[in-house]
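Below are the chains, spelled out letter by letter.
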Amino acid sequence: DWSSDVCSSDLVAVLFLLPPCAAYAAHGASPLKVVEEIKVDASLEKVWGVISDFAHPISKLPIDRTEISGADAPDQSERRLILKNGFEIIELLTKRDRERLMIGVHRKTDNIQLLPAVNYTSLITLRSLDQDHTIIEWKARFYRGYPNNNPPPELNDDVAVAAVKKLIIGELDALKNYLEKPVGQ
């Protein structure tokens, strides 16, 4: 009989191995990250003036109008971006640091039809190359659109990363175009 060969200490050792494995399997999605940057032909001061103006975002998104609420300060200022297609995006200003040249924004609303990612947070940081050129770095942290185990193909990690990368590149291009356009255009 095999049961006589297994001592109780062996059984206890096996049981101690199971809970961590079960906990790991139940964990779900891990946070994902995308980092992109772009060089713009504009001074640091000009770029900071645009980036730090939370009430007036420069975006590739089809924004119909922007509504602002709360004091113009981190963790108080909220903006509601009403898109031309009727969708809304609500964002919270989480950081604005003039000395470190960074601004942080957290999306309070998740809409996987717009972006197959949830709990999206971004941090934009500026670096001066010289008096006429600035690097804009955009870091995003988020989870795939289906944060539980076994996501459907359209809400998996690869789709979320590709969509966020596309969004960030589009936003950086919109900023570059805005900042580099000749005065009066």
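Quantities reported herein were computed from a predicted structural model and do not represent experimental measurements.

1. Things to note about the overall build of the chain
Step number 1: Secondary structure summary: the chain contains three helices and seven strands in total.
Step number 2: In sequence order, the chain lays out its α and β elements as α-β-α-β-β-β-β-β-β-α.
Step number 3: The long-range share in the chain, meaning contacts at least 24 apart out of those at least 6 apart in sequence, stands at 53%.
Step number 4: Total accessible area on the chain stands at roughly 11000 Å², and carbon and sulfur atoms take up 54% of it.

2. Digging into the sheet that holds strand 3 (residues 78–83)
Step number 1: The seven strands lie next to each other as 1-7-6-5-4-3-2, forming an open sheet whose pairing is antiparallel. Looking along the sheet, the strands with just one partner apiece sit at the ends: strand 1 (32–40) and strand 2 (63–69). Each neighbouring strand pair of the sheet contributes to a mean axis angle of 20°, computed without reference to strand direction.
Step number 2: As paired strands, strand 3 and strand 4 (residues 88–97) are joined by five bridges and run antiparallel to one another. Bridging across to strand 4, E78 finds its partner in L92.
Step number 3: Together, strand 1, strand 4, strand 5 (102–107), strand 6 (117–130) and strand 7 (133–144) form the strand contacts of helix 2 (residues 44–51), whose direction differs from that of strand 6 by roughly 160°.
Step number 4: Packed onto the sheet, helix 3 (residues 157–180) meets strand 1, strand 5, strand 6 and strand 7 and runs at close to 20° relative to strand 1.

3. Regarding helix 3
Step number 1: Given a rise of 1.5 Å per residue, 24 residues ought to cover 34 Å, and the 34 Å separating the end C-alpha atoms of helix 3 matches this to within 8%.
Step number 2: When helix 3 is considered as a whole, its buried residues turn out to be A160, V164, L167, I168, G170, E171, L172, A174, L175 and L179.
Step number 3: Elements that come into contact with the buried residues of helix 3 comprise strand 1, helix 2, strand 5, strand 6 and strand 7.
Step number 4: Its side-chain oxygen 3.1 Å from the backbone nitrogen of D158, N156 forms the N-cap of helix 3.

4. Digging into the environment of I135
Step number 1: Summarising the element assignment, I135 is placed in strand 7.
Step number 2: Using a relative accessible area of 8% as the deciding quantity, one classes I135 as buried.
Step number 3: Sequence separation between I135 and K39 is 96 residues; the distance between their C-alpha atoms is 4.5 Å.
Step number 4: Beyond its immediate chain neighbours, meaning those up to four positions away, I135 contacts E37, I38, K39, T125, L126, R127 and L129.

5. A closer look at the packing of helix 2 against helix 3
The packing of two helices is summarised by the inter-axis angle and the distance between the axes.
Step number 1: Look at helix 2 against helix 3: their axes get within 11 Å of each other, and the N-to-C directions meet at 125°. When the axis of helix 2 is compared with that of helix 3, the two are oblique. Crossing of helix 2 over helix 3 shows right-handed handedness. Side by side, helix 2 and helix 3 meet where K46, V47, V50 and I51 of the first sit next to L175, Y178 and L179 of the second.
Step number 2: Among the residues forming the contact of helix 2 with helix 3, the class breakdown is six nonpolar, no polar and one charged.

6. Some points on the confidence of the model for the chain
Step number 1: In the predicted model, the chain carries a mean pLDDT of 88, and 85% of its residues have values of at least 70.
Step number 2: Contacts of residues 1–26 to residues separated by more than four positions or lying in other chains number two contacts, the stretch itself having pLDDT below 50.

Cut-off values and rules
Residues numbered from 1 in each chain as written. Predicted model: local features only at pLDDT ≥ 70, side-chain atom pairs only at ≥ 80, totals over all residues. Heavy atoms only, no water. Helix = DSSP H or I, 4+ residues; strand = E, 2+ residues; numbered from the N terminus. Contact = heavy atoms within 4.5 Å. Areas by Shrake-Rupley, 256 points an atom, 1.4 Å probe, with all protein chains shown as cover. Pairing = 2+ DSSP bridges. Axes fitted to C-alpha atoms, helices over the stretch in contact; angles between N-to-C directions. Expected span 1.5 Å × (residues − 1). Buried < 20%, exposed > 50% of the residue type's maximum accessible area, 1.4 Å probe, protein only. Polar contact = N/O pair within 3.5 Å; in protein donor to acceptor, adjacent residues only side chain to side chain. Parallel < 35°, antiparallel > 145°, perpendicular 65-115°, else oblique. Left-handed = near helix turned anticlockwise from the far one by under 90°. Nonpolar A, V, L, I, M, F, W, Y, C, P; charged D, E, K, R; others polar. pLDDT = per-residue confidence, 0-100.

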